[in-house]
Amino acid sequence: MPPHELFGLALPGLRTRKLRASLSALGIAIGIGAMVAVVGVSASSQANLLALIDSLGTNLLTVTPGQTFLGQNEVLPDTATAMIRHMPAVSGASAVYQVSGATVLRSPYVPSTQTGGIGVDAADPRLPSVLSDQMVSGHFLGAASENFPTVVLGAQAATTLDIPSVGGHIQLFIGGRWFTVIGILKPVVLDPTLDSTVFIGLPTAERIFQLQPNPSEIYVRANVNDVTTVSNLLAPTTDPQNPDGVSVSRPSNVLEARAAAKGQFTTLLLGLGAVALLVGAIGIANIMVISVLERRSEIGLRRALGATRRHISSQFLAESALLAALGGIAGLILGALATLIYALAQGQPWVVPLYALVAAPVAGFVIGALAGLYPASKAARLSPTEALRAT
């Protein structure tokens with residue numbers, strides 16, 4: 001029989017048992033919907049992350065001291081940042097300098113051990129522009145303020161200290177001195193470790209804490225087309241006498257690795273969706289076997305009127321495949337809606353991969369066909385006289 005006649009014959013069998021057909025298709029719909037939702041949520045999250053990477057730029061490099069053979073940290077020269085800024089393919093560079101032994105407290109009456117894990121770094125005024133970072137409140141250190149006891153808070157540090165905004169002459173007790181809060185940074189996506197840090201001016205850190213101007217980390221913006229070249233030249237430029245003691249990394253690679261890790265987790269969830277599909281397929285097979293037993297008189301009558309075994313098996317196979325395909329379409333709609341709700345709640349782009357749109361009904365159809373093989377063969381094996389005798 002032509003396909004349109006075959007499925008036209010299969011439809012009445014489903015319409016006469018609507019509740020049973022709906023419950024059978026629901027199993028497939030849940031499995032397909034779960035898989036589409038998993039793929040869609042993962043694709044939406046990755047699209048959001050990649051868009052964030054593109055907006056922040058993949059041309060940021062970081063330079064940090066390496067380690068000696070004895071496991072001690074190397075020391076970057078105090079001329080490193082200036083030397084890097086003179087590289088032809090570098091558009092900007094900024095350094096931070098770790099201030100050891102300085103605790104950050106709301107007042108001198110707070111125990112010195114209750115620091116909340118907040119560190120102190122000296123920084124130059126170029127840091128926000130190099131990191132493509134913005135302020136939540138106030139402003140960053142400037143040419144004037146870096147010479148005075150002023151401080152800028154990282155996002156997590158501001159939360160820990162319960163300082164949501166700048167205003168009202170807020171002060172912190174840092175290393176035994178009062179510092180005035182002049183700004184709060186937004187979260188630094190490319191280097192989250194800076195979120196739990198407070199920043200003071202380098203001249204102030206040198207004067208008050210006797211800090212040596214050796215950078216603990218240097219952030220470098222390279223021209224987009226020269227990132228690899230700059231990366232290869234950063235170590236010898238930073239420390240010509242000991243380039244092996246310089247470590248160069250690319251923060252965007254960490255974000256891309258995070259996206260890949262999410263992809264691995266998606267594979268696990270897809271496996272759980274596949275289990276749900278298997279349960280749905282078994283349910284369809286069970287329902288079709290029951291349908292064959294209930295419709296023996298119909299099978300016997302059709303055989304008596306000239307239908308062949310192939311006609312009978314094709315009819316039941318078509319019913320099973322059509323039932324599962326309808327479940328696949330319903331699952332696609334459910335999965336897409338779940339992805340939409342998640343994307344709206346998270347403020348992310350709504351992405352459902354094209355292959356999921358095609359694969360959902362096709363997978364349902366194939367699963368239904370496989371699930372209907374045994375019931376179809378069982379129906380085809382019934383002889384007309386035996387089937388009519390059972391009525």
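Okay, so let's go over this structure. (Residues numbered from 1 in each chain as written. Predicted model: local features only at pLDDT ≥ 70, side-chain atom pairs only at ≥ 80, totals over all residues. Heavy atoms only, no water.)

### Points about the overall build of the protein
Move 1: Helix and strand counts for the protein stand at 13 helices and eleven strands.
Move 2: Buried positions account for 45% of the 391 residues belonging to the protein.
Move 3: Taking the intrachain contacts of the protein between residues at least 6 apart in sequence as the baseline, contacts between residues at least 24 apart amount to 81%. (Helix = DSSP H or I, 4+ residues; strand = E, 2+ residues; numbered from the N terminus. Buried < 20%, exposed > 50% of the residue type's maximum accessible area, 1.4 Å probe, protein only. Contact = heavy atoms within 4.5 Å.)

### So, the pattern of salt bridges
Move 1: Taken as a whole and judged by the stated rule, the model has one salt bridge.
Move 2: In this structure, Arg85 and Asp124 form a salt bridge, with 3.4 Å as the shortest nitrogen-oxygen distance. Of this pair, Arg85 sits in helix H3 (residues 80-85) while Asp124 sits in the loop between strand E4 (119-123) and helix H4 (127-131), and the two are 39 residues apart along the sequence.
Move 3: The exposure class of Arg85 is partly exposed, given its relative accessible area of 29%. (Salt bridge = Lys/Arg side-chain N within 4 Å of Asp/Glu carboxyl O.)

### Focus: the packing of helix H10 (residues 309-346) against helix H11 (residues 354-371)
Move 1: Running from N to C, H10 and H11 cross one another at 150°; their axes reach a closest spacing of 7 Å. Judged on the interaxial angle alone, H11 and H10 are roughly antiparallel. Handedness of the crossing formed by H10 with H11: right-handed. Mapping the contact onto sequence places Leu317, Ser320, Ala321, Ala324, Ala325, Gly328, Ile329 and Leu332 in H10 and Ala356, Leu357, Ala360, Pro361, Gly364, Phe365, Gly368, Ala369 and Ala371 in H11.
Move 2: Here the residues of the contact of H10 with H11 are counted per class, giving 13 nonpolar, four polar and no charged. (Axes fitted to C-alpha atoms, helices over the stretch in contact; angles between N-to-C directions. Parallel < 35°, antiparallel > 145°, perpendicular 65-115°, else oblique. Left-handed = near helix turned anticlockwise from the far one by under 90°. Nonpolar A, V, L, I, M, F, W, Y, C, P; charged D, E, K, R; others polar.)

### Side note on unusual backbone geometry
Move 1: Here Ser132, not a glycine, exhibits a phi torsion of approximately 55°, which is positive.
Move 2: With respect to the helices and strands, the residue Ser132 is situated in the loop between H4 and strand E5 (135-138).
Move 3: Even without a glycine there, the phi angle at Asp162 is positive, about 60°.
Move 4: Mapped onto the fold, Asp162 is located in the loop between helix H5 (155-160) and strand E7 (171-174).

### Considering the nonpolar core
Side chains that are nonpolar tend, in soluble globular proteins, to be buried together.
Move 1: By size, the foremost hydrophobic cluster in this structure holds 44 residues, and its most contacted members are Leu153 and Ile174.
Move 2: When near neighbours in sequence (up to four residues on either side) are disregarded, Leu153 contacts Ala158, Leu161, Ile163, Leu172, Val181, Gly183, Ile184, Leu185, Thr197 and Val198.
Move 3: Membership of the second largest hydrophobic core comes to 23 residues, among which are Val36, Met288, Val292 and Ala356. (Core = buried A, V, L, I, M, F, W, Y, C linked by side-chain atoms within 4.5 Å.)

### Description of H10
Move 1: Taking 1.5 Å as the rise per residue, H10 with 38 residues should run 56 Å; its terminal C-alpha atoms sit 55 Å apart, in good agreement.
Move 2: Gly347, located one to two residues past H10, shows a positive phi value of around 70°. (Expected span 1.5 Å × (residues − 1).)

### Details of the environment of Leu322
Move 1: On the secondary structure map, Leu322 appears in helix H10.
Move 2: Classification of Leu322 as buried rests on a relative accessible area of 16%.
Move 3: With 297 residues separating them in the primary sequence, Leu322 and Ala25 have C-alpha atoms 9.5 Å apart.

### Looking at the environment of Ala158
Move 1: Counting through the fold element by element, Ala158 comes out in helix H5.
Move 2: Along the primary structure Ala158 and Ile184 are separated by 26 residues, whereas in three dimensions their C-alpha atoms are 6.9 Å apart.
Move 3: With near-sequence residues (within four places) excluded, Ala158 lies in contact with Leu153, Ile163 and Ile184.

### As for the pairing of strand E1 (residues 60-65)
Move 1: Taken together, the four bridges between E1 and strand E10 (residues 217-222) define a ladder with antiparallel strand orientation. Among the inter-strand pairings, Leu61 is bridged to a residue of E10, identified as Val220. (Pairing = 2+ DSSP bridges.)

### Re the packing of aromatic side chains
Move 1: Under the definition given, this model contains three aromatic pairs.
Move 2: Centroid distance Phe140 to Phe199: 6.1 Å. Interplanar angle 55°. Geometry classified as tilted. Of the two residues, Phe140 sits in the loop between E5 and strand E6 (150-153) while Phe199 sits in strand E9 (residues 197-201), which places them 59 residues apart along the sequence. Each member of the pair, Phe140 together with Phe199, is buried.
Move 3: Both rings, one in Phe173 and one in Trp178, keep their centres 5.1 Å apart while their planes meet at 65°; by these two values the pair is edge-to-face. (Phe/Tyr/Trp six-rings, centres within 6.5 Å; stacked < 30°, edge-to-face > 60°.)

### What about helix H7 (residues 227-238)?
Move 1: Between the first and last C-alpha of H7 there are 16 Å, a value that for twelve residues agrees with the 16 Å anticipated at 1.5 Å per step.
Move 2: Every buried residue belonging to H7 is among Val227, Val230, Leu234, Ala235, Thr237 and Thr238, and all of these are buried. In an axial view of H7, the angular spread of the buried residues amounts to 170°, which keeps them on one side of the axis. In H7, those exposed residues whose orientation departs by more than 90 degrees from the buried face are Thr228 and Asn232. (Arc of directions from axis to C-beta.)

### Some points on the side chain of Asp191
Move 1: Mapped onto the elements of the fold, Asp191 is located in the loop between strand E8 (177-185) and E9.
Move 2: By relative accessible area, which is 9% here, Asp191 ends up buried.
Move 3: Side chain to side chain, Asp191 and Thr193 meet in a polar contact 2.5 Å long.
Move 4: Excluding its chain neighbours within four sequence positions, the residues that come into contact with Asp191 are Glu217 and Tyr219. (Polar contact = N/O pair within 3.5 Å; in protein donor to acceptor, adjacent residues only side chain to side chain.)

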